[in-house]
Every structure is written in structure tokens, then in C-alpha cells.
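Next come the chains, spelled out residue by residue.
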Amino acid sequence: MSLPPSFFDAMYAAADDPWSMRTRWYEERKYALTTAVLPRRRYADGLEVGCSVGELTARLADRCDRLTGWDASAAVVERATARVAGRGHVRIEQATVPARPLPQVDLLVLSEVLYYLDAADLQRLLTQVAAAVRPGGTLLAVHWRHPVAEYPQTGDAVHQALRAALPWPRVAAHEEPDLLLDCWVAADAGDLRAASVAAAEDLW
Ligand SMILES: C[S@@+](CC[C@H](N)C(=O)[O-])C[C@H]1O[C@@H](n2cnc3c(N)ncnc32)[C@H](O)[C@@H]1O
């Protein structure tokens, strides 16, 4: 079974920032990796699924004309909204995937969220992902690799499923003992120019 919103509501009732996203060097460095890998300087429409307290959202906001952060837990919407206060182009909403279908976007970020889904919900979401990213747009996924007893899936299993499901060329694949990060461009699998940051600036 996918972990329900009540699982996360309980975590947010017990701690303001349960994963210490505001303070841990591990998270700060991971956010730097995540934003560094994005192939475009700017995106028109971005969506981050599972935005939590909004730390990554705030960084993505610098790269998007419009950005939406979704989180299954109503408890955290206020905290994320406060984190992006004053940035009128960012909206935070309570939404649970895959029940809420993904809208069409130019940038979709799935950071530390897919391992909460069971196999059926993950497959449902992957079908939505393939239709949600506009042609030429970016999908970035990054996940913790170490097993967590309560989570239905591991980060490795999630990235394996993404790699099997998506017929797109990858801009980057980054592997560490602790995390996997993959970034795709929505384009034909063999279209390496579509996935090349250098080609976008006519360097080859
Ligand atoms: C570990 S935090 C990730 C925060 C942020 N994306 C990052 O990487 O720093 C995971 C968040 O995903 C949310 N979440 C879990 N399952 C979800 C689902 N099915 N749909 C939307 N959000 C979900 C949780 O409430 C939690 O706030």
C-alpha cells in the first residue's frame, strides 16, 4: 500500500522539519546537485511533487516563471508557503499523486517522493509522467538509496522503474552510495542533441 497522507501528517505534527532539510549539509549539497543538473537556465512552468517545507521549491523558484509545489500533507502547506513568501510566481497546494493527475509542465521534479508509492501507484504515475512533460521539457528524479522499513519501495527500485518506463534520452545519470539522480529530456530516445546542453547553444 502507498503511504497515506496521514503518515506524513503525523511526522509534521511531531517535528517542524522532520528530515532537517533546512539545516543538513547532505540536503543542501543534494539541492545544489539537483539544480546544477537542470539543462535549461529557465522554465515556463515547473512542478515539484512532494515539496515538504519548501527548501528545494525555493531553489527551483529561481529557475521558473511559474512554479507549483504539491504535497500530500495539508499540515506542511503552510510551512512551504511561508518559505516561498513574497514570490508571487510560486503556489503551494495540497495534492496527492497519482490521485491528482499531473498537469502539463516544462519541468517536473520528483525528489524523494516516489518510494512512498506502491508498485501499482508508481506505474499509474509513470503513465502520467510520460504525458505531463511537454516536448523538450525536463524530468528530474532524485532518491535516497538506503532501505527504510516503512517505505513500499527503495530509491533503486524507483529509478529502475523510471529508466524502464521512459523512452527519453537522459541529460545526466548520477550515482552515489546514498542517492541516485536521473534527468531526462522529453524527446525521441535517439535524439542526443535534445539532451545536450552544449547543442542547445550550438556548440556542436
Ligand atoms: C522527503 S519529503 C521531500 C521534500 C522535497 N521534495 C525534497 O526533496 O527536499 C517527501 C514529501 O512527499 C510528500 N508525499 C508523500 N507521498 C506523496 C504523494 N503520494 N503525493 C504527494 N506528496 C507526497 C510527503 O508529505 C513529504 O512532505
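Up top is the structure.
Now for a quick tour of the structure. (Residues numbered from 1 in each chain as written. Predicted model: local features only at pLDDT ≥ 70, side-chain atom pairs only at ≥ 80, totals over all residues. Heavy atoms only, no water.)

Between helix H5 (residues 119–132) and helix H6 (residues 155–165), whose axes approach to 11 Å, the crossing angle comes to 40°. By the angle between their directions, the pair H5 and H6 is classed as oblique. Between H5 and H6 lies a crossing of right-handed hand. Contact with H5, carried on its side by Leu122, Gln123 and Leu126, involves Val158, Ala161, Leu162 and Ala165 of H6 and no other residues of that element. Grouping the constituent residues of the contact of H5 with H6 by class yields six nonpolar, one polar and no charged. (Axes fitted to C-alpha atoms, helices over the stretch in contact; angles between N-to-C directions. Helix = DSSP H or I, 4+ residues; strand = E, 2+ residues; numbered from the N terminus. Parallel < 35°, antiparallel > 145°, perpendicular 65-115°, else oblique. Left-handed = near helix turned anticlockwise from the far one by under 90°. Contact = heavy atoms within 4.5 Å. Nonpolar A, V, L, I, M, F, W, Y, C, P; charged D, E, K, R; others polar.)

What follows covers the site of the ligand. The environment of the ligand is formed by 19 residues, the closest being Tyr12, Tyr31, Gly50, Asp71 and Ser111. For the ligand, an oxygen atom lies 2.6 Å from a polar atom in the side chain of aspartate 71. Between the ligand and valine 97, the relevant distance is 2.8 Å, taken from a nitrogen atom to a main-chain nitrogen or oxygen of the residue. Protein coverage of the free-state accessible area of the ligand, which is 610 Å², stands at 98%. Each residue belonging to the shell around the ligand can be placed in one class, and the counts come to eleven nonpolar, five polar and three charged. (Near = heavy atom within 4 Å. Polar contact = N/O pair within 3.5 Å; in protein donor to acceptor, adjacent residues only side chain to side chain. Areas by Shrake-Rupley, 256 points an atom, 1.4 Å probe, with all protein chains shown as cover.)

Listing the buried residues of H6 in full gives Gly155, Val158, His159, Ala161 and Leu162. The arc enclosing the buried residues of H6, seen along the axis, measures out at 155°, which places them on a common side. Among the exposed residues of H6, those pointing more than 90 degrees away from its buried face are Gln160 and Ala164. Those residues of H6 hidden inside the fold are in contact with H5, strand E5 (133–144) and strand E7 (179–185). (Buried < 20%, exposed > 50% of the residue type's maximum accessible area, 1.4 Å probe, protein only. Arc of directions from axis to C-beta.)

On to the packing of aromatic side chains, then. Applying the stated criterion across every chain yields a total of seven aromatic pairs. A centroid spacing of 4.7 Å and a plane angle of 70° characterise the contact between phenylalanine 8 and tyrosine 116, whose relative ring orientation is edge-to-face. Separated by 108 residues along the polypeptide, phenylalanine 8 in helix H1 (residues 5–14) and tyrosine 116 in the loop between strand E4 (105–111) and H5 bring together distant segments of the chain. Each member of the pair, phenylalanine 8 together with tyrosine 116, is buried. Ring centres of tyrosine 12 and tryptophan 19 lie 6.2 Å apart, and the angle between their planes is 70°; this geometry places the pair in the edge-to-face category. This pair shows no difference in class: tyrosine 12 is buried, exactly as tryptophan 19 is. (Phe/Tyr/Trp six-rings, centres within 6.5 Å; stacked < 30°, edge-to-face > 60°.)

Turning to a nonpolar patch on the surface, a few remarks are in order. A cluster of nonpolar side chains, namely Leu192, Leu203 and Trp204, defines an oily patch on the protein surface of about 390 Å² accessible area. Tracing the backbone shows leucine 192 in the loop between E7 and helix H7 (197–200). (Patch = residues over 30% accessible without salt bridge, like charges linked within 9 Å, V, L, I, M, F, W, Y side chains within 5 Å. Salt bridge = Lys/Arg side-chain N within 4 Å of Asp/Glu carboxyl O.)

A few words now on the side chain of aspartate 106. Within the secondary structure, aspartate 106 is located in strand E4. We classify aspartate 106 as buried; its relative accessible area is 10%. Here aspartate 106 is in contact with Arg40, Tyr43, Ala44, Asp45, Val133, Arg134, Gly137 and Thr138, once residues within four sequence places are set aside.

In this sheet, E7 lies alongside strand E6 (residues 170–175) in antiparallel orientation, the contact comprising five bridges. Looking across to E7, one finds that arginine 170 is bridged to tryptophan 184. Between the antiparallel neighbours E6 and E7 lie three residues. (Pairing = 2+ DSSP bridges.)

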